[in-house]
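Structural overview for review
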Amino acid sequence: MVSTDLAQVRKRLWAAADEMRANSALAPSEYRGPVLGLIFLAYAEHRFDEMGPELVAKATPRRPVQPEDYKARSVLYVPEHARLSYLVRRPEGGNLGAAIDEAMRAVEAHNPELRDVLPKGYQRVEKSTLVELLRLFAPLPRLLSGDAFGLIYEDFLSNFAAAEGRLGGEFFTPYSIVRLIVEVIEPFHGRVFDPACGSGGMFVQCAKFVERHQRSASRELSVYGQEQKEATVPLARMNLALHGLSGDIRLGNSYYDDLHDSVGAFDFVMANPPFNVDNVDKSKLAGDPRFPFGIPKPDNANYLWIQQFYSALARGGRAGFVMANSAADAGHSEAALRRQLIESRSVDVMIAIGTNFFYTVTLPVTLWFLDKGKSGTDREDTVLFIDARHLFRQIDRAHRDFLPEQIELLANVVRLYRGEEAETSAGGEVLLKDQFPDGRYVDVPGLCKVATLAEIEAQGWSLNPGRYTGTAAIEDDGEDFTEKLSGLYDEFTRLSDEADVLRAKVDLAVQGILNA
């Protein structure tokens, strides 16, 4: 099946599945597990059928094909009664939900690494909906290639996240944000860690990065995750399996549990943690080496997460993560923590992202990038600030993402700053030439600025890109009112953040005078 056909198949599959959900009594969150489980079964059957002829050809009457033969080829063993092709042919009078539950248990029994991973509870789904879902997915093992199943799984995760809104954002980070993070940290080889891993999208995009550079992800990467939501851990494990990856994904609360002994253990850290979490029991954190700069006084966990990401890096390691804008300018004890982080000379790049990129929040966010390999380089005493708030594609009224060429431009700004060669395989050559005609890094007003530690200190140790990049010259390009209003709102948010910082400084100064 050619790629253009695959694109149409992906759209038709979601449209058909979503129509079935609309005609059922299930909410998107209740429908998600059963549907993703059937996609996983379709993939497992495809790989099983693909490997079967090769194994049968090598078998003998004395040594027939065994389940272990499939496992030796990294293929799941799927017994007959667990295959979609079998389930779709069942007599209509039987209990179809129970049969699918049994299929899931059988796959887990033959493949212990999937124990307690595959969804159950299909008996709660209306039989008519199950019949239609089976008819939709049963032909896929014979129609699609292995890579297609991973793409379909990603499509469905993304669409379910959009349908579930805020709750969907707890398990899914939009593709273009993850792709940008990966392009900046460049995880060619090593141990990758995500202590808030959701459905595992960070790991999948790491693997795709490696494969885009003609290497084998399964040989080059080892992945380790931790996730607090019990229902989300199976999503991540299925996602890894669908993309040919194995990983160690564990259930745990990353504020209190360090299940992977993370301090100094990883080459790459990626994460999209929950923002501005309160009520973390700080008494449980005393003496924890994951927080080397100290425990923040405010009831806000942002700087607990930031320190976890920093401390998990091995020497030379890189981290990329999403963070609330407020963390870049937060005052008082958080400002002191941020100063220590900056003075460690590990903050490498800060990228401001505009509104409406996420399902959980409509407000703009900032991407932070740390690099413990900066020491001893020309970048040791500098930080690259990028303002990407004016770069986006409007998907619909409420959602945006980046075009591939925009991701490539932003990643190329970082590459030029690091003295690396730019890449233009995603169509970003024109954008790159427009901004950097000589092919060398230069500060571009409104886009990027390299600031020294002295300049950052003069700005109160702020890591807000808008403080440094300035404003680009803007021409009237016919931008509609909605877009202009969104841009003004971004600027208003930045100025409000700065006002909060100044207000805190004034309050502190006045209190000092009054208490003198």
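Quick caveat, the model's predicted, so the values are computed rather than measured.

Even without being glycine, E186 reaches a positive phi, approximately 55°. Tracing the backbone shows E186 in the loop between α9 (175-185) and β1 (190-194). Assessed through its relative accessible area of 11%, E186 is described here as buried.

Time to look at the packing of helix α5 (residues 96-110) against helix α6 (residues 127-137). At their nearest, the axes of α5 and α6 sit 9 Å apart, and the two run at 50° to each other. The pairing of α5 with α6 is recorded here as oblique in orientation. Together, L96, G97 and I100 of α5 and L130, V131 and L134 of α6 make up the contact between the two elements. Classifying every residue of the contact of α5 with α6 gives five nonpolar, one polar and no charged.

For helix α2 (residues 28-58), built from 31 residues, the straight-helix expectation of 45 Å at 1.5 Å per residue is met to within 8% by its first-to-last C-alpha distance of 46 Å. At G52, α2 is bent by approximately 35°, the largest bend along its length, and proline P53 sits one to four residues beyond.

Turning our attention to the confidence of the model for the chain. Looking at the chain as a whole, the pLDDT averages 89, with 91% of positions reaching at least 70. With pLDDT under 50 throughout, residues 473-480 is counted as low confidence; its partners more than four residues away or in other chains account for two contacts.

For the rest of this paragraph, the subject is the pairing of strand β4 (residues 266-271). For β4, the buried fraction is high: five of the six residues fall into the buried class. Where β1 lies against β4, two bridges are found, and the strand directions are parallel. Bridge pairing in β4 links F193 to V269. Sheet topology places β4 next to strand β5 (residues 313-324); five bridges connect them, and they run parallel. Bridged to M270 within β5 is G320.

Another aspect to go through is empty space enclosed by the protein. Scanning all chains against the criterion turns up three cavities of 30 Å³ or more. Here the second largest cavity defines a volume of roughly 60 Å³. Looking at the second largest cavity, the residues that line it are F193, P195, Q226, S254, D257, D258, S262, R290, Q308, S311 and A312. Here the lining of the second largest cavity is composed, by residue class, of three nonpolar, five polar and three charged.

The next thing to look at is the environment of L143. Its location among the elements puts L143 in helix α7 (residues 140-143). Separated by 370 residues in the primary sequence, L143 and I513 place their C-alpha atoms 76 Å from one another.

Working definition: an aromatic ring pair is given by the centre-to-centre distance plus the angle between the planes. Using the criterion set out here, one finds 24 aromatic pairs in the structure. Clustering of aromatic rings is evident, with ring pairs tying together Y255, Y256, Y303, W305, F309, F321 and W368. R400 extends its terminal NZ or CZ atom over the ring of F392, reaching a point 3.7 Å from the ring centre.

This paragraph deals with the nonpolar core. Counting residues in each nonpolar core, the largest one holds 60 residues, and the members touching the most others are L36, L84, I100, F137 and F156. Looking at this core, the elements with two or more residues in it are α1 (3-22), α2, α4 (84-87), α5, α6, α8 (146-164) and α12 (233-242). Sort the elements by how many residues they give to this core and α2 lands first, with 13 residues. Discounting chain neighbours no more than four positions away, the residues touching F156 are L13, W14, A17, V35, L36, I39 and F137. In terms of nonpolar packing, the next biggest core, distinct from the first, is built from 53 residues, I185, L221, M270 and V414 among them.

Strand order across the open sheet formed by nine strands is β3-β2-β1-β4-β5-β7-β6-β8-β11, with mixed pairing between neighbours. Only two strands of the sheet have a single partner each, and these edge strands are β3 (247-251) and β11 (448-452). When the angles between neighbouring strand axes are averaged without regard to direction, this sheet yields 15°. Across five bridges, strand β2 (residues 221-227) lies against β3 in parallel orientation. The residue bridging V223 from the neighbouring strand is G247, located in β3. On top of the sheet, α12 reaches β2 and β3; it is set at about 175° to β3, its chief contact. Packed on one face of the sheet, helix α13 (residues 302-311) meets β4, β5 and β7 (365-371) and runs near 155° to β5.

Another aspect to go through is the environment of T471. Among the structural elements, T471 can be located in the loop between α18 (466-469) and α19 (481-515). On the accessibility criterion, T471 (63% relative accessible area) is exposed. Considering only alpha carbons, one finds T471 and P445, 26 residues apart in sequence, at a separation of 5.8 Å. Not counting chain neighbours up to four residues away, the residues in contact with T471 comprise P445 and G446.

What counts and how
All chains use their own residue numbering, which begins from 1 and follows the written sequence. Side-chain atom pairs in this predicted model are given and counted only at pLDDT of 80 or more, local residue features only at pLDDT of at least 70, and totals for whole chains, interfaces and linings cover all residues. Side-chain descriptors were evaluated using all non-hydrogen atoms of the structure, hydrogens and water having been removed beforehand. The numbering of helices and of strands both runs from the N terminus, where a helix is a DSSP run of H or I of at least 4 residues and a strand a run of E of at least 2. Exposed residues in this analysis have more than 50% of their type's maximum accessible area, buried residues have under 20%, and partly exposed residues fall in between, with area computed by a 1.4 Å probe over protein chains only. For helices, the fitted line uses only the C-alpha atoms of the stretch in contact; every axis is such a line through C-alpha atoms, and the angle between N-to-C directions lies from 0 to 180 degrees. Put simply, angles under 35 degrees are roughly parallel, angles over 145 are roughly antiparallel, angles from 65 to 115 are roughly perpendicular, and the rest are oblique. Whether two residues are in contact is decided by their heavy atoms, any of which lying within 4.5 Å being enough. Any residue outside Ala, Val, Leu, Ile, Met, Phe, Trp, Tyr, Cys, Pro, Asp, Glu, Lys and Arg is labelled polar, Gly included; the first ten of those are nonpolar and the last four are charged. Helix span is expected to be 1.5 Å times the residue number reduced by one. Throughout, the bend at a residue refers to the angle made by two axes, fitted to the seven residues ending there and to the seven starting there. Along the chain, pLDDT gives the predictor's confidence residue by residue, from 0 to 100. Criterion used throughout: strands pair if DSSP finds at least two bridges between them. A pocket, in this scheme, is an open set of points on a 1 Å grid over the protein atoms alone with protein on both sides within 12 Å along at least 5 of 7 lines, while a cavity is a set where a 1.4 Å probe fits but cannot get out; residues line either one if an atom lies within 4 Å of a point. Grid points are joined across faces, edges and corners, and a volume is the space filled by probe spheres set on the points. By convention, a stacked pair of Phe, Tyr or Trp rings (six-membered ring in the case of Trp) has centres within 6.5 Å and planes under 30 degrees apart, an edge-to-face pair has planes over 60 apart, and any other such pair is tilted. When the NZ atom of lysine or the CZ atom of arginine is within 6 Å of a ring's centre and also within 35 degrees of its normal, the charge is said to sit over that ring. The set of buried Ala, Val, Leu, Ile, Met, Phe, Trp, Tyr and Cys residues whose side-chain atoms join them within 4.5 Å is what this entry labels a nonpolar core.

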